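# Residue-level structural notes
The chain contents come next:
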Amino acid sequence: MPAVPALIPKPARLEATGGDPFVISESTTVVVNGRPDLIGIAVLAADLLGRVTGRSIEIRYAESDAPDVVRLRLTTADGEGDESYKLVSNAGRVDLEARSPAGLVRAIVTLRQLLTTAPDGSLRVPAVVIEDAPRYAWRGLSIDVARHFVAKRDLKVIIGLMAHYKLNVLHLHLTDDQGWRLQVRSRPQLTRLSSGTSVNGDPGGFYTADDYADIVAFASVRGVRVVPEIDVPGHVNAATHAYGNLTPSGEPTDVYTGIEVGFSRLYADLPATGDFLREVFADVAEMTPGDYVHIGGDEVLTMEPAEYATLVAAASDAVRAAGKKVVGWQEIASTPLEPGTVVQYWDTRVDPAPFVAAAEAGALLLMSPGSKAYLDMKYDASTPLGLEWAGHIELRDAYDWEPSTLVPGVPAESVIGVEAAIWTETLRDLPALTSMLLPRLAAIAEVAWTEPEQRDWEDFRTRVVGQGPFWDRLGLSWYRSPQVDWR
Ligand code: ACM
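All of these numbers come straight from a predicted model, not from anything done at the bench.

Tallied over the entire structure, the rule returns 31 salt bridges. The residue aspartate 95 makes a salt bridge to arginine 93 at a minimum N-O spacing of 3.0 Å. The two residues aspartate 95 and arginine 93 agree in class, both being buried. Taking the shortest distance from any N to any O, the salt bridge between aspartate 347 and arginine 349 comes out at 2.7 Å. On the basis of relative accessible area, aspartate 347 is assigned to the buried category, the value being 10%. Each member of the salt-bridge network shares a partner with another, and the members are Lys10, Glu446, Asp459 and Arg463.

Below, the structure is given as structure tokens:
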């Protein structure tokens, strides 16, 4: 029996056919037909293969039956949103087929994971047939760039990792009490006055409109959509510091660099509030090509339910008026929601009844349980960074859970997907971030991509071993979980 390659996430069907491998040579080329939307994909394939092989790989924009090619092909013109793909490799060639550019990106990262270095130094792709498709359409990572700012170059490293594990949604938590991280046309003081701070007095930062466009484009080429979050009506101290007309006294609030939550708020009866929500969400929607904008809605601890519901409705109306769909943290399930609203489940300590009711009314649930998917939780009591309020999350905890039965009473069809989250109270730089993300991000990615009957912890802990050398090659910090026999 030929050895079965160790891919993460595990594909739906993988057959090692046992023939001779494809060997990457001086003359290997990437071949696509000349469709404009495939050029970026071909460049990505040539770039990724080129990085691994250390030589530049040519692209040809014409189909041919020539050997020694990696051929990318779209099998339909209207497969938008379909991420399924097929990969067939043998000694002569590698064929990647999909129904959309995003499907081809998934195939390309599978190809990258298939590459092995032979004893003679040559790079090989074993002979396989893979047919694959995701379980969930929403496979995300939420990053808190507000508690500590994450520079664009570091964010791109994380986007590269997301794509490597076939995640497709980058949720940016852009605003909070400690800082405002996105330049917004209608409210220039948000970044002028409220971007310089982070937790503990650490330096801040923000993304200009151009930076944001660059992040969106970098992610898009890798099949990752950006969902921006402007957190209201709580977690708003950065906004009330920049614009005093959002407070009853008219005075700006002080900067905040601690890590308490729940104290800051908007006021429904102030005239400035409605304008702020309408214009800020319109600006953010305009900058964002994806379908969704996140309104936050979490942990508003100093407001009556009626005012909270009014402000959630105002934010949601602003998002919809700008042509986007609404996502909010689970607290919004206590308010009336339009069908199709995405409710992001995070706090497993509360009564599930509002989520069941929201699902019955047509809401969709995105699963980010703090006790499994909050990747800023410590692995164990000895982890130097991170928090512990949702418990310790070892690798197996992040892997061994089932999204469709997580919230009792919510039907499986109401679950739109799975999203990991990383909050940055204690995480100040890229090594800190990746030491918490890796290896757990790979586990969450498999929960989101792979059908439950294909998932198995013992199998995963064997496959994940091969990722260690990959992270080492990239120079990334990662956690050597004692649950895995790393080489
Ligand atoms: C959250 O963790 N406050 C969404």
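Take helix H3 (residues 152-164) next. With 13 residues, H3 extends 18 Å between its outermost C-alpha atoms, agreeing within 8% with the 18 Å of an ideal straight helix rising 1.5 Å per residue. Buried within H3 we find Asp154, Leu155, Ile158, Ile159, Leu161, Met162, Ala163 and His164. Close packing links the buried residues of H3 with helix H2 (101-114), strand E11 (138-144), strand E12 (169-173), helix H5 (209-221), helix H12 (430-437) and helix H15 (467-473). Count one or two residues on from H3 and you reach lysine 166, which has phi positive near 65°.

Below, the discussion takes up the sheet that holds strand E1 (residues 13-16). What the seven strands build is an open sheet, ordered E1-E10-E6-E7-E5-E3-E4; its pairing is mixed. On the outer flanks of this sheet lie E1 and strand E4 (58-60), each paired with one strand and no other. The average undirected angle you get between the axes of adjacent strands in this sheet is 10°. In terms of strand pairing, strand E6 (residues 85-89) meets strand E10 (residues 128-132) through four bridges, oriented antiparallel. Across the sheet, residue valine 88 finds its bridge partner in E10, namely valine 129. Along the sheet, helix H1 (residues 36-53) contacts strand E3 (29-31), E4 and strand E5 (69-74); its crossing angle with E5, the most-contacted strand, is approximately 150°.

Moving on: the nonpolar core. Counting residues in hydrophobic clusters, the biggest one holds 113 residues, and the most contacted among them are Phe281 and Trp471. With residues up to four places along the chain from it excluded, the contact list for tryptophan 471 reads Leu161, Tyr165, Leu438, Pro439, Val464, Leu476, Trp478 and Trp486. Counting 34 residues, the second-largest nonpolar core is a separate cluster that includes Ile41, Leu48, Ala98 and Leu123.

Below, the discussion takes up the side chain of serine 264. Structurally, serine 264 is set in the loop between helix H6 (237-242) and helix H7 (271-287). There is a polar contact of 2.5 Å between the side chain of serine 264 and the side chain of aspartate 177. Polar contacts involving the side chain of serine 264 include one to the main-chain amide nitrogen of histidine 235, which spans 3.2 Å.

This part is about the pairing of strand E16 (residues 292-296). With five of five residues buried, E16 lies mostly within the body of the structure. Neither face of E16 is left uncovered, since the one carrying Tyr292, His294 and Gly296 and the one carrying Val293 and Ile295 both have all their residues buried. Inspection of the sheet shows strand E15 (residues 225-232) paired to E16 by two bridges, in the parallel sense. Following the sheet pairing, glutamate 229 is matched in E16 by histidine 294. In this fold, E16 hands off to helix H8 (residues 305-321), which returns the chain to strand E17 (residues 325-329); that crossover is right-handed.

The next subject is unusual backbone geometry. With the exception of glycine, the majority of residues adopt a negative phi angle, and the majority of peptide bonds are in the trans configuration. Cis geometry is adopted by the peptide bond preceding proline 233, which originates at valine 232 and carries an omega value of 0°. The linkage connecting leucine 438 with the following residue, proline 439, adopts the cis geometry, with an omega of 15°. Residue aspartate 68 is not a glycine yet carries a positive backbone phi of 65°. Structurally, aspartate 68 is set in the loop between E4 and E5. Classification of aspartate 68 as buried rests on a relative accessible area of 16%. For glutamate 299, which is not glycine, the phi torsion reads 50° and is therefore positive.

Looking now at the packing of H7 against H8. Closest axis-to-axis distance for the H7/H8 pair is 8 Å, and the angle between their directions is 35°. Considering only the axes of H7 and H8, their crossing is right-handed. Here Thr273, Leu277, Arg278 and Phe281 of H7 lie close against H8, whose contacting residues are Leu311, Ala314, Ala315, Ala318 and Val319. Looking at the contact of H7 with H8 residue by residue, the class counts come to seven nonpolar, one polar and one charged.

Calculation rules
Residues numbered from 1 in each chain as written. Predicted model: local features only at pLDDT ≥ 70, side-chain atom pairs only at ≥ 80, totals over all residues. Heavy atoms only, no water. Salt bridge = Lys/Arg side-chain N within 4 Å of Asp/Glu carboxyl O. Buried < 20%, exposed > 50% of the residue type's maximum accessible area, 1.4 Å probe, protein only. Helix = DSSP H or I, 4+ residues; strand = E, 2+ residues; numbered from the N terminus. Expected span 1.5 Å × (residues − 1). Contact = heavy atoms within 4.5 Å. Pairing = 2+ DSSP bridges. Axes fitted to C-alpha atoms, helices over the stretch in contact; angles between N-to-C directions. Core = buried A, V, L, I, M, F, W, Y, C linked by side-chain atoms within 4.5 Å. Polar contact = N/O pair within 3.5 Å; in protein donor to acceptor, adjacent residues only side chain to side chain. Right-handed = clockwise from strand over helix to strand, strands pointing away. Left-handed = near helix turned anticlockwise from the far one by under 90°. Nonpolar A, V, L, I, M, F, W, Y, C, P; charged D, E, K, R; others polar.

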